[in-house]
Amino acid sequence: MYGNSASLAPVNIFTPSGLMNLGYDSLSPMHALWLLDPDTRTHSYRVAHIAEKMGTGLGLDGTTIDDLKKAGLLHDVGKIAVQSIVLKLGKLTVEEQDGIIWHPIYSGIILSKNPRFSTPPITRAAEEHHERNDGGGYPFGKRGDEISLGGKILSICDGFEAATSRIPMRNYNHLRSGDGHPLTVDDFRQVVMADNGKEYDPEIAGVFIERVLGDREFLRTLCLDV
Ligand SMILES: [Fe+2]
Ligand SMILES: [Fe+2]
């Protein structure tokens, strides 16, 4: 049971009771993943927080922002299907690297099975969070406006979190410094300014620079040095 429609109203997902009100207790794949891999839990909370900030910065309506938060919190849930790779210590084989690129599809499948998260703005954002504006991303290789608004937003929120986090995430080393250390906020600003629509949608990137990277108070809530 997922409760009645009244409980579908937006709630604060950043509290344990908020999660329960949303029916996250029924999302066993997410809980299993977060127990196995607490780093992904931390990453997911931060991505949701940044996605909410982006939604506000873009002037989106409350429902769309709520969907963005949910998608941010759950975008990597599909890693549960490739958990042996995600949790492996040490270098990945080529086959394992190929395997991990399917996690966004698994995220979409898992979310589509739960009525609270099965709407396209949420499932597509999760499926598309590793796509690139130039078509060089994965798993579909979608480009430009083939990628949903939520997918474009999550892509840059996810990239920023993974690049600047003290905790390194699998498959994000290309976003970090040569020795794998996290980027500073200024480093990431330079990366986005030089991107020119390759990885990120230019309009979304512009808003990200102004509304997220330009808000020191917000960045401090992420415990980033600014
Ligand atoms: Fe991911
Ligand atoms: Fe992620």
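### Side note on the overall build of the chain
Then comes step 1: Helix and strand content of the chain: 12 helices and zero strands.
Then comes step 2: Put simply, the chain runs from its N terminus to its C terminus through helices and strands in the order α-α-α-α-α-α-α-α-α-α-α-α.
Then comes step 3: Classification of the 226 residues of the chain by burial places 38% in the buried group.
Then comes step 4: Sequence separation of at least 24 residues holds for 61% of the intrachain contacts in the chain that already meet a minimum separation of 6.

### A short note on helix H2 (residues 28-36)
Then comes step 1: Among all positions of H2, only Pro29, Met30, Leu33 and Trp34 are buried. On an axial view of H2, the arc spanned by its buried residues comes to 130°, and they lie on one face. Of the residues in H2, the exposed ones pointing more than 90 degrees away from the buried face are Ser28 and Leu35.
Then comes step 2: Each element contacted by the buried residues of H2 is listed here: helix H3 (38-57), helix H4 (62-74) and helix H7 (103-112).

### Description of helix H8 (residues 120-127)
Two residues of an α-helix separated by three or four positions point the same way, owing to the 3.6 residues in each turn.
Then comes step 1: Taking burial as the measure, the eight residues of H8 include six buried ones, the bulk of the element.
Then comes step 2: All of the buried residues in H8 are Ile122, Thr123, Arg124, Ala125, Ala126 and Glu127.
Then comes step 3: In this fold, the buried residues of H8 make contact with H4, H7 and helix H9 (149-164).

### Focus: the packing of H3 against helix H11 (residues 202-212)
Then comes step 1: Where H3 contacts H11, the axes come no closer than 10 Å and their chain directions differ by 105°. On the basis of their axis angle, the class for H3 and H11 is roughly perpendicular. Together, Ile50, Lys53, Met54 and Gly57 of H3 and Val207, Phe208, Arg211 and Val212 of H11 make up the contact between the two elements.

### Observations concerning the nonpolar core
Note that soluble globular proteins tend to have their nonpolar side chains buried in a common cluster.
Then comes step 1: With 36 residues, the main nonpolar core has Ala51, Ala71, Leu74, Ile153, Ile156 and Cys157 as its most contacted residues.
Then comes step 2: Listed by contribution, the elements that provide at least two residues to this core are H2, H3, H4, H7, H8, H9, helix H10 (185-193) and H11.
Then comes step 3: Of all the elements, H9 adds the most residues to this core, at seven residues.
Then comes step 4: Setting aside residues no more than four positions away along its own chain, isoleucine 156 makes contact with Tyr200, Ile204, Ala205 and Phe208.

### Digging into the packing of H4 against H9
Then comes step 1: The geometry of H4 relative to H9 is characterised by a closest axis approach of 11 Å and an angle of 50° between their N-to-C directions. Here H4 lies oblique to H9, going by the angle between them. The two elements H4 and H9 meet at a crossing, and its hand is right-handed. The residues of H9 that touch H4, namely those facing Asp67, Leu68, Ala71 and Gly72, are Gly150, Ile153, Leu154 and Cys157.
Then comes step 2: Split into classes, the residues belonging to the contact of H4 with H9 amount to five nonpolar, two polar and one charged.

### Some words on unusual backbone geometry
Then comes step 1: In the segment running from tyrosine 138 into proline 139, the intervening peptide bond is cis, with an omega of 5°.
Then comes step 2: Relative to the elements of secondary structure, proline 139 occurs in the loop between H8 and H9.
Then comes step 3: Notably, asparagine 196 is not glycine yet its phi reads approximately 50°, a positive angle.
Then comes step 4: With respect to the secondary-structure elements, asparagine 196 resides in the loop between H10 and H11.

### Quick notes on the environment of glycine 78
Then comes step 1: Following the sequence through the fold, glycine 78 ends up in the loop between H4 and helix H5 (83-86).
Then comes step 2: Residues glycine 78 and proline 104, spaced 26 residues apart in sequence, show a C-alpha to C-alpha distance of 5.9 Å.

### Quick look at the confidence of the model for the chain
Then comes step 1: For the chain, the mean per-residue pLDDT works out to 87, and 85% of the residues sit at or above 70.
Then comes step 2: Ranking the helices and strands of the chain by mean pLDDT puts H11 first, with 98, and helix H1 (residues 16-21) last, with 61.
Then comes step 3: When the criterion is pLDDT under 50, residues 1-7 qualifies, and its contacts beyond four places in sequence or with other chains add up to six contacts.

### Observations concerning the environment of aspartate 195
Then comes step 1: For aspartate 195, the location among the structural elements is in the loop between H10 and H11.
Then comes step 2: In contact with aspartate 195, not counting residues within four places along its chain, are Tyr200 and Ala205.

Cut-offs and rules
Starting from 1, residues in each chain are numbered consecutively following that chain's sequence as written. For naming, the first written chain is A and the first written ligand is 1, with later ones following in the order written. For a predicted model such as this one, the threshold for reporting local features is a pLDDT of at least 70, and the threshold for listing and counting side-chain atom pairs is 80 or more; totals across whole chains, interfaces and linings nevertheless cover every residue. Numbering goes from the N terminus for both helices and strands, where a helix is a DSSP run of H or I of at least four residues and a strand is a run of E of at least two. Residues with at least 20 neighbouring C-beta atoms inside 10 Å of their own are called buried, those with 12 or fewer are called exposed, and the rest are partly exposed, where every C-beta is derived from the backbone. The contact rule is simple: place each C-beta atom from the backbone, and if two of them lie within 7 Å, those residues are in contact. This arc describes the spread of directions from the helix axis toward the C-beta atoms. Here an axis means a line fitted to C-alpha atoms, over the contact stretch when the element is a helix, while the angle between two N-to-C directions is reported on a 0 to 180 degree scale. Working rule for angles: under 35 degrees goes down as roughly parallel, over 145 as roughly antiparallel, 65 to 115 as roughly perpendicular, anything else as oblique. Any nonpolar core is a set of buried residues, restricted to Ala, Val, Leu, Ile, Met, Phe, Trp, Tyr and Cys, that join up through C-beta atoms within 7 Å. Helix crossings fall into two classes, left-handed where the near helix is turned counterclockwise from the far one by less than a right angle and right-handed where it is turned clockwise. Throughout this entry, Asp, Glu, Lys and Arg are counted as charged residues, while Ala, Val, Leu, Ile, Met, Phe, Trp, Tyr, Cys and Pro are counted as nonpolar. The remaining residues, Gly among them, count as polar. Known as pLDDT, the predictor's confidence for each residue is given on a scale from 0 to 100.

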